[in-house]
Amino acid sequence: MRASRYTIFAYASMIGVPVLMLILAAATIAGKAAYSGAASILLAIALIVFGISGVVEIFWHGAYPGSQRKIIAGEDIRTRARPVKKYGKEISFVLLRFNSLTKRFDRHTYTTYANDRTTVLGAILDIKDYQDSTISVRCNCRMGICGSCGMVVNGKPVLACETNVLASAKYDTIEVSPMLGHPLLKDMVTDFDDFFERHRSVDPSLYRKDQKEKYAAREEYAQSKAELSKFLPYSYCIMCGLCLDACPVVNSNPNFIGPQALSQVYRYHADSRDQKGKRRLFEADTMDGVWGCEFSGSCSKACPKGVDPASAIQMLKGELMKDIADKK
Amino acid sequence: MEVLDYDVVILGSGIAGLTAAIHASRLGKGNLKIAVVSKLHVMRSHSVAAEGGISGVLYPQANQDSKELHAYDTVKGSDYLADQDAVERLVNGAPDEIKFFDHLGVPWNRREKGMIDQRPFGGMSVPRTAFAADKTGFFMMRSLYDELTSHKDIDIFNEHFATNLIRKGNRIYGIVAFDLSNENVKAFRSKSIVIATGGASRIYSFTTNSYSNTGDGTAMAFRAGLPIKDMEFVQFHPTALIPSGILITEAARGEGGYLKNSEGERFMEKYAKSKMELAPRDIVSRAIISEIKAGRGMRDHESGLYYVYLDLRHLDPEKIDEKLPMIKEITIKMINLDPSKSQIPIRPAAHFTMGGIHTNIDGAVMLDASRPMVGTWAAGECACVSVHGSNRLGSNSLSQCSVWGRIAGRSAADFALKSGNAADSGSFFAAAEEEESDIHKIIDARGSTSPYELRDSLYELMEEHMYVYRNIRGMAIARKGISALRNKFKDIYIEDKGKAFNTNLREAFEIHNLLDIAWIVSEGAFRRHESRGAHVVAEYPKRDDARWLKHTIAIKSAAGIKFSYSKVKITKWQPEERKY
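To keep things clear, this report deals only with the structure shown in the data block. Since the structure is predicted, the reported quantities are computational estimates derived from the model, not experimental observations. (Residues numbered from 1 in each chain as written. Chains lettered and ligands numbered in written order. Predicted model: local features only at pLDDT ≥ 70, side-chain atom pairs only at ≥ 80, totals over all residues. Heavy atoms only, no water.)

Some details on the overall build of chain B
Put simply, the rule is: Only DSSP runs of H or I with at least four residues qualify as helices, and only runs of E with at least two residues qualify as strands; both kinds are numbered from the N terminus onward. Atoms considered for the radius of gyration are the C-alpha atoms alone. The globule rule reads 2.2 Å times the number of residues to the power 0.38. Think of it in three bands: residues with accessible area under 20% of the maximum for their type are buried, residues over 50% are exposed, and the middle band is partly exposed, with areas taken using a 1.4 Å probe on protein chains only. The contact criterion used is simple: two residues touch if any of their non-hydrogen atoms lie within 4.5 Å. Residue-level accessible areas treat just the shown protein chains as cover; the underlying method is Shrake-Rupley with a 1.4 Å probe. In this tally, Asp and Glu contribute negative charge and Lys and Arg positive charge; neither His nor the terminal groups of the chain are included. For charged residues, the charge sits on one atom: NZ in Lys, CZ in Arg, CG in Asp, CD in Glu.
Across its full length, chain B holds 16 helices and 21 strands. Over its C-alpha trace chain B gives a radius of gyration of 23 Å, about what one expects of a compact globule, namely 25 Å for 580 residues. Each principal axis of the C-alpha atoms in chain B carries an extent, and together these give about 65 × 55 × 50 Å. Looking at chain B as a whole, 70% of its 580 residues are labelled buried. For chain B, the share of sequence-separated contacts (at least 6 apart) that also reach a separation of at least 24 residues comes to 76%. Of the roughly 17,300 Å² that chain B leaves accessible, carbon and sulfur atoms contribute 48%. Side-chain charges in chain B split into 76 positive and 73 negative, and the spacing between the mean points of these groups amounts to 3 Å.

Examining the sheet that holds strand S19 (residues 383-384) of chain B
All names here are of chain B. Rule in force here: Criterion used throughout: strands pair if DSSP finds at least two bridges between them. Simply put, an axis is a line fit to the C-alpha atoms, just over the touching stretch for a helix, and the angle between two N-to-C directions goes from 0 to 180 degrees.
Spatially, the five strands line up as an open sheet ordered S19-S16-S10-S20-S21, and their pairing is mixed. This sheet does not close on itself; its edge strands, each paired only once, are S19 and strand S21 (561-567). Bridging between strand S10 (residues 228-229) and strand S20 (residues 550-556) involves two bridges; their strand directions are antiparallel. For Ile228, the partnering residue across the bridge sits in S20 and is Ala554. Of the strands in this sheet, S10, strand S16 (356-358), S20 and S21 are in contact with helix H6 (residues 216-223), which crosses S16 at around 40°. With respect to the sheet, helix H15 (residues 503-527) is in contact with S10, S20 and S21, its orientation differing from that of S21 by roughly 60°.

What to know about unusual backbone geometry
Residue and element names in this part refer to chain B. Here the bond from Ile242 into Pro243 is cis, since omega is 0°, no more than 30 degrees from zero. Examined against the element boundaries, Pro243 turns out to sit in the loop between strand S11 (234-241) and helix H7 (251-254). The step from Val385 to Ser386 runs through a cis peptide bond, and the omega angle for that step is 5°. With respect to the secondary-structure elements, Ser386 resides in the loop between S19 and helix H11 (396-418). In this structure, Met276 is a non-glycine residue whose phi angle is positive, near 50°. Position of Met276 relative to the elements: it lies in the loop between strand S12 (258-260) and helix H8 (281-293). For Asn336, which is not glycine, the phi torsion reads 55° and is therefore positive. Considering the arrangement of structural elements, one finds Asn336 in the loop between helix H10 (325-335) and strand S15 (344-353). Overall, Asn336 belongs to the exposed group, its relative accessible area being 69%.

Side note on the interface of chain B and chain A
Note the cut-off: When two components associate, each loses some accessible surface as probed by a 1.4 Å sphere; the sum of these losses over both components is called the buried area. What makes a salt bridge here is a side-chain nitrogen of Lys or Arg within 4 Å of a carboxyl oxygen of Asp or Glu, nothing more. In protein, a polar contact requires one atom able to donate a hydrogen and another able to accept it; more generally it is a pair of N or O atoms within 3.5 Å, and residues adjacent in sequence count only if both atoms are side-chain atoms.
Of the residues lining the interface, 96 residues belong to chain B; the matching set on chain A comes to 83 residues. Interface area lost by chain B to chain A is led by Arg44(B), His103(B) and Glu302(B), which between them contribute 11%. Counting across the chain B and chain A interface gives 10 salt bridges. Between Lys305(A) and Glu329(B) there is a salt bridge, and its shortest N-O distance comes to 2.5 Å. The tally of links between chain B and chain A comes to 41 residue pairs in polar contact (both at pLDDT 80 or more). Listing elements by their share of the side of chain B that touches chain A, those giving two or more residues are helix H4 (84-104), helix H5 (136-148), H8, strand S13 (298-299), strand S14 (306-311), H10, helix H13 (451-465) and H15 of chain B.

Describing the packing of H13(B) against H15(B)
Residues and elements named next belong to chain B. Note the cut-off: Here the word oblique covers every angle except those under 35 degrees (roughly parallel), over 145 (roughly antiparallel) and from 65 to 115 (roughly perpendicular). It is the rotation of the near helix from the far one that decides the hand of a crossing: anticlockwise by less than a right angle makes it left-handed, clockwise makes it right-handed. Each residue is assigned to one of three groups, with Ala, Val, Leu, Ile, Met, Phe, Trp, Tyr, Cys and Pro labelled nonpolar, Asp, Glu, Lys and Arg labelled charged, and all others, Gly among them, labelled polar.
At their nearest, the axes of H13 and H15 sit 10 Å apart, and the two run at 30° to each other. Between H13 and H15, the angle is such that the two are roughly parallel. Crossing of H13 against H15: the hand is left-handed. Contacts between H13 and H15 involve Pro451, Tyr452, Arg455, Leu458 and Met462 on the former and, on the latter, Asn504, Glu507, Ala508, Ile511, Leu514, Leu515, Ala518 and Val521. Across the contact of H13 with H15, the residue classes tally to 10 nonpolar, one polar and two charged.

Topic: the state of the cysteines
All names here are of chain A. Rules: Two cysteine sulfurs form a disulfide in these notes if their separation is within 2.5 Å.
Scanning all chains against the criterion turns up zero disulfides over all chains. You can see Cys146 has no disulfide; the closest cysteine sulfur is in Cys141, sitting 3.7 Å from it. Lacking any disulfide linkage, Cys243 is separated from the closest cysteine sulfur, that of Cys299, by 6.3 Å.

A look at the pattern of salt bridges
Residues and elements named next belong to chain B. Taken as a whole, this structure holds 74 salt bridges over all chains when the rule is applied. One salt bridge connects Arg110 with Asp102, and the closest N-O pair in it is separated by 2.7 Å. Where Arg547 meets Asp544, a salt bridge forms, and the shortest distance between an N and an O atom there is 3.7 Å.

Some points on a nonpolar patch on the surface
Residues and elements named next belong to chain A. Put simply, the test is: What goes into a patch is any residue over 30% in relative accessible area without a salt bridge, connected to like charges within 9 Å or, for nonpolar side chains (Val, Leu, Ile, Met, Phe, Trp, Tyr), within 5 Å.
On the surface, a cluster of nonpolar side chains totalling about 690 Å² of accessible area is made up of Tyr11, Met14, Ile15, Val19, Ile23, Leu47 and Phe50. Sorting the residues of the nonpolar patch by element identifies helix H1 (5-30) and helix H2 (33-62) as the ones contributing at least two each. Here the element with the most residues in the nonpolar patch is H1; it accounts for five residues. Along the chain, Leu47 turns up in helix H2.

With respect to the side chain of Ser386(B)
Among the residues examined, Ser386(B) registers a relative accessible area of 1% and is labelled buried. Leaving out residues up to four positions away in the same chain, Ser386(B) has contacts with Leu81(B), Ala82(B), Asp83(B), Ala86(B), Lys229(B), Asp230(B) and His551(B).

A short note on the nonpolar core
We count it as follows: In this text, buried Ala, Val, Leu, Ile, Met, Phe, Trp, Tyr and Cys residues form a nonpolar core when linked through side-chain atoms within 4.5 Å. Start and end points for every domain follow an automatic or database-based domain assignment.
Phe93(A), Val176(A), Trp108(B) and Leu165(B) are the most contacted members of the largest nonpolar core, which totals 249 residues. When residues in this core are grouped by element, the largest group, 13 residues, is from H15(B). Counting residues domain by domain, this core receives three or more from each of domain 2 (71-189) and domain 3 (192-211 + 224-327) of chain A. Filtering out sequence-adjacent residues up to four positions away, Val176(A) remains in contact with Phe93(A), Val94(A), Leu95(A), Leu96(A), Val120(A), Ile124(A), Met151(A), Val152(A), Val153(A) and Met188(A).

Observations concerning the sheet that holds strand S4 (residues 118-119) of chain B
Residues and elements named next belong to chain B. Taken together, the three strands give an open sheet; going across it, the order is S3-S5-S4, and neighbouring strands pair in antiparallel fashion. Every other strand in the sheet has two partners, leaving strand S3 (54-55) and S4 as the edge strands with one partner each. One ladder, built from two bridges, connects S3 with strand S5 (residues 129-130); its direction is antiparallel. Bridge assignment links Ile54 to a residue of S5, and that residue is Ala130.

Considering the packing of aromatic side chains
As a reminder of what qualifies: Aromatic pairing here means that ring centres of Phe, Tyr or Trp (its six-membered ring) are within 6.5 Å. Orientation follows from the plane angle: under 30 degrees is stacked, over 60 is edge-to-face, and everything else is tilted.
Tallied over the full model, the rule gives 23 aromatic pairs over all chains. Relative to Phe195(A), the ring of Phe192(A) lies with its centre 5.4 Å away and its plane at 80°, an arrangement referred to as edge-to-face. Residue class for Phe192(A) comes out buried when judged on its relative accessible area of 1%. Given a relative accessible area of 2%, Phe195(A) falls into the buried group. Taking the centre distance of 6.0 Å and the plane angle of 80° together, the rings of Phe222(B) and Trp519(B) count as edge-to-face. One end of the pair, Phe222(B), is in helix H6; the other, Trp519(B), is in helix H15, with 297 residues separating them in the sequence. Comparing Phe222(B) with Trp519(B), the two get one shared label, buried.

Focus on the side chain of Asn154(A)
Residue and element names in this part refer to chain A. Mapped onto the elements, Asn154 comes out in the loop between strand S3 (150-153) and strand S4 (156-159). A distance of 3.5 Å separates a polar side-chain atom of Asn154 from the backbone oxygen of Thr173. Setting aside residues no more than four positions away along its own chain, Asn154 makes contact with Ser168, Ala169, Lys170, Thr173, Ile174 and Glu175.

Focus: a positive patch on the surface
Residues Lys212(A), Arg26(B), Lys29(B) and Arg410(B) make up a contiguous surface patch of positive charge. Structurally, the position occupied by Arg410(B) is in helix H11. A relative accessible area of 38% places Arg410(B) in the partly exposed class.

Don't take any of this as a statement about function, it's just geometry.
Here it is, written out as structure tokens:
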């Protein structure tokens, strides 16, 4: 805490108060009422000054945002946001790295520092750059929108770039492994070919009867806010693969198309601009389509973007049931 | 080595690349073999991080807008360095692109009667930025990707890192790339090629860009001896989050956010009275740094970064949820701060590369300052048409990517259909083999320098000397330092010797590209003796139209870089003083 003109009052009263108390005690013992009275009044004043200066110190220079951050004219160019020992906490990172040659996991432990804004991805990349360059992770945007860095951190399937180290550390330890529901390539990196094929198989694109008009795009398709809100939450899918990793059905029956693809079926089905109509529904009307879902809800729990694939699948089931009822 | 034959090869998978692929496929009607080669999964390119929106005059009557006004704003924003015929093509094409994306399924924010909503943006006279919350780029990418799945004639090569172009005379005949998953080298031979590899702001450490934005295509073109234009102009986005540099969209100010210094004062009043926070990015970035230099900034304890505040506390929380949900998500998840309760700490960060591969107005890559190559196009941030001149206006980039993505894709397909013939296999194979052995040289590198150390030294040079304010002495230090780093690169080592997903190897190639790009940036900047748009030199504080109203063209030569200059095309708007 830096010295200010308020702190001078604080120091003065810190010395003044005990001195005055001594005078007060001596005067009281000696029975000199006038002296002890004057000392009491001075002591009261000193205590008030001490109190005020303390309050000022705390609220003006302590808790006020940016207070300990001394502002100097000119620029400091230290722009690397690397957590350092001085401001960080020591954290052990246990990486369960998939070895592509032996097809086994190797357990490696690294030590690094984390502050309250360090992310798991940031820490792993720091370890990679300065301790062990052979670590492989897939990452790109580091802001939770490209969907590259899905992995399992302390048992939870998450995006590493938006997972805080200190908030998820247990006993100052973070254990990271790749998503096990996907084929593994190396370390934290998984193979997405199968995942993309599932997505592709449900024909996830806006269908129009007049293809020529679709591509010529002379006018926008009018859409109300209410129509937009029907499919908007399902269009947030960043294809990170975490829901597929979490789904107990896909993990036991690989033929089940999975929550990601089905949520995209509903996303286009619910879009007022789409003209594929019930055909889209019927394509998902199979035992490995919507009916494969056992509604464990783990996909929605895992989704980092709040897509809620489980509800999308139930909506599809509902629409199909309604269709049967309508026919009867 | 595997040789793959294609009619059209598209290198890069951002909005420009995928748009080009779709339009090439449309024009080819299934008769063309098209390949999209990306070093990432194609839907994960940096375009997903575009937040604010895409510009275009949709409703001239309702918004009291016109294409002329859009063009004028763009030209003025560029500090008169933009080619005005190209700007006119941009503003004419942009509205149809927005509608095209509507037809692909982008969930645009809507007004009453189902119209597409538009918001105010920096340097734009009226609201003309169409948006889908603050995830516009993401939604455009997802729609393009979903559309791509229905085009069976497009082959997608995920995670293939291209190392060099194969050039013979006035033609690029193909590329050499290695498959990241197993390190197999593949040569793509094609009749025509579109380069769409994006920007290069990763030459700075504090940047809004993804890890992938290392200017690979630009560096490859440079090494192939192609002209690179206007690289000294690097845009700094005023509002990047402390400490990571994650982008806080300009739309936050478009929707009414304030910039405040440590004294709680809306300082933009002093720098751009009429536009305030919505002045163009170069002006706002300089204003922030001026405030910090005058001692009215804050300092972040842990990272040592100075910053000012972006204040959204006075905005209706419902408005934040509807129009800026990602900003709220990011600040809460990354720094545990609720934007409706506290001010957001921000500072300028490298954001956009105005320069790039020299192309003509049709997106064709140029052979030298005036003649175009055959069968070679570039689109998006890696290309410099030049519509952005020395400073881009926010939301013009997405329109540029889609307008020139379409032009390049269609031209490449048309060329492949009509007159395209691929290189004869003998000479192509020889060139590809040579490149393959170069790749193996890097794989086997056993020097003594870590590539990451070189990258960190580069960061230091760029952040210190090539930032918002530049001076001659600093730029001289930077160019000398970068040359030294380029020499040191010969002595690197690759620690990871494995074949599966070797990111250590990929990053070494990327750092090589970064060093090349930084070299062009610093040399070009050192030679431009004026202050224009994003390039501000202390010794030459004024714009100098008499001497410097021209584009910088850099071509690699045996001795280093050969610089020449080309004229700016001026049609309707004569240069005048730029005031906001």
